[in-house]
Amino acid sequence: MTGDVMILVLGATGSTGRRVAEQLRAAGHTVRGASRSGQATFDWSEPGTWEPALSGASALYLMAPDGVPVDPAFVSLAVERGVERIVLLSSGAIEAMGDERLLAAERTVRGSGAEWTILRPSWFNQNFDEGFFRPAIMAGEVLIPLGDVRQAFVDADDIAAVAAAALTRNGHAGRAYDLTGPGSLAFGEAVEIIGRAIGREVRYLGGDEDYIAANGFSGESIHAAKAFGSLRALGDQPVADTVSEVTGRPPKSFETFAGEAAAKGAWR
């Protein structure tokens, strides 16, 4: 792809999509931010919103909220309407976790006929200040059955920077990128770092029993604990150099993220 193109960014009010749109606009690119409440209306459950969002787009940042599948019909429509480049937000370790939703999305993109790049990030730093761990941090106790296995938490700003590069520069087609921060931490260590940043204790419970009990001994919680067990069995997550290689700068550390988020009042 050459010259300026119109880039459609899905999930443009979310953690990554918002940052992708901001970084692209800051670099002078033409962006249409799409979501259920964004600049352009887009709803996976309303196919009538798909074509207006795609109109004139040549590149696409593709993502779907947790639990929502990427509809192959939308991807086919995107390519039919002139989208030549797709960057998909997937996730790391989806084979081990048995995440058929994202595995199917990757298959769809690979077979779309467009240039594709797949992003497979580790746990987002922003899960702790914008996402599903924030209420737990506020309550003073984080519960997830990963024991002391270390994860290479990655910042959403760095994910967005790689996405923006893949959407606008050549050399990324046909690549699946593992995205991590500069180091790895056990969840207990990450929680301690946040506790120090906000000046109060936050506990971490990392056992299956605590997780299942907290979720009512349901079949769903037992299934989830087994999936986390598969992730735990992989051992410590290796650190990837992708962010540095693609963007030319080092990724943000978890300590820097926690300090910045605390200074902004994320956990007040």
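Structure report, in brief.

Right, let's get into the overall build of the chain. On a plain count of helices and strands, the chain comes out with 12 helices and 11 strands. On C-alpha atoms alone, the chain measures out to a radius of gyration of 19 Å, which is about the 18 Å that the 2.2 N^0.38 rule sets for 268 residues. Summarising its shape, the C-alpha atoms of the chain cover approximately 50 × 40 × 35 Å along the three principal directions. Counting across all 268 residues of the chain, residues that qualify as buried make up 51%. Summarising the internal contacts of the chain: among those between residues at least 6 apart in sequence, 75% fall at separations of at least 24. Total accessible area on the chain is roughly 12000 Å²; 49% of this is exposed by carbon and sulfur atoms.

Moving on, we get to the packing of helix 1 (residues 15-26) against helix 7 (residues 156-168). In the contact formed by helix 1 and helix 7, the axes pass within 8 Å of each other and the chain directions differ by 55°. With respect to their mutual orientation, helix 1 and helix 7 come out oblique. Seen along the crossing, helix 1 lies across helix 7 with a hand that is right-handed. Of the residues in helix 7, those touching helix 1 at S15, T16, R19, V20, Q23 and L24 are A156, D157, I159, A160, A161, A163, A164, L167 and T168.

What follows deals with the packing of aromatic side chains. Under the criterion given, the structure shown has 20 aromatic pairs. Between F128 and F254, the ring centres sit 5.5 Å apart and the planes meet at 85°, which makes this aromatic pair edge-to-face. With F128 in the loop between strand 6 (115-121) and helix 6 (134-139) and F254 in helix 12 (residues 254-263), this pair connects stretches of sequence that are 126 residues apart. Across the pair, F254 and F128 agree in class, each one buried. Taken together through their ring pairs, the aromatic side chains of W123, F128, F132, F133, F153, F187, Y204, Y211, F228, F254, F257 and W267 make up a single cluster.

Before going further, it helps to spend a moment on helix 5 (residues 100-110). Restricting attention to buried positions, one finds in helix 5 the residues R101, L102, L103, A105, E106, T108 and V109. The secondary structure elements touched by the buried residues of helix 5 are strand 4 (57-62), helix 3 (72-80), strand 5 (85-89), helix 4 (94-97) and strand 6.

Moving on, we get to the sheet that holds strand 6. Across the sheet, seven strands lie side by side as 3-2-1-4-5-6-9; this open sheet has parallel pairing. Two strands close off the open sheet at either side, each with one partner strand: strand 3 (40-41) and strand 9 (175-179). Two strands pair when backbone bridges link them, and strand 5 and strand 6 are joined in this way by five bridges, in the parallel orientation. Across the sheet, residue I86 finds its bridge partner in strand 6, namely W116.

The subject of this paragraph is the pairing of strand 2 (residues 30-35). Here five bridges tie strand 1 (residues 6-10) to strand 2, and the two strands are oriented parallel to one another. Paired with L8 across the bridge in strand 2 is R32. The handedness of the strand 1 to strand 2 crossover, carried by helix 1, is right-handed. Strand direction decides the pairing type here: strand 2 and strand 3, joined by two bridges, are parallel. Within strand 3, the residue paired with A34 across the bridge is A40.

Judged by nonpolar contacts, the single largest core of 55 residues is most densely connected at L10, Y61, L62 and F74. Looking at which element gives the most residues to this core, the answer is helix 7, with eight residues. Each residue touching L10, except ones within four places of it in the same chain, is listed here: G17, A34, F42, W44, L60, Y61, L62, M63 and F74. Counting residues in each nonpolar core, the second largest holds 30 residues, with A136, F187, I194 and V202 among its members.

Moving on, we get to the side chain of N125. Considering the arrangement of structural elements, one finds N125 in the loop between strand 6 and helix 6. Classification of N125 by relative accessible area gives buried; the value is 0%. Among all residues touching N125, those that are not within four sequence positions of it are F153, V154, D155, K252, S253, F254 and F257.

What counts, and where the lines are drawn
Residues numbered from 1 in each chain as written. Predicted model: local features only at pLDDT ≥ 70, side-chain atom pairs only at ≥ 80, totals over all residues. Heavy atoms only, no water. Helix = DSSP H or I, 4+ residues; strand = E, 2+ residues; numbered from the N terminus. Rg over C-alpha atoms; globule rule 2.2 N^0.38 Å. Buried < 20%, exposed > 50% of the residue type's maximum accessible area, 1.4 Å probe, protein only. Contact = heavy atoms within 4.5 Å. Areas by Shrake-Rupley, 256 points an atom, 1.4 Å probe, with all protein chains shown as cover. Axes fitted to C-alpha atoms, helices over the stretch in contact; angles between N-to-C directions. Parallel < 35°, antiparallel > 145°, perpendicular 65-115°, else oblique. Left-handed = near helix turned anticlockwise from the far one by under 90°. Phe/Tyr/Trp six-rings, centres within 6.5 Å; stacked < 30°, edge-to-face > 60°. Pairing = 2+ DSSP bridges. Right-handed = clockwise from strand over helix to strand, strands pointing away. Core = buried A, V, L, I, M, F, W, Y, C linked by side-chain atoms within 4.5 Å.

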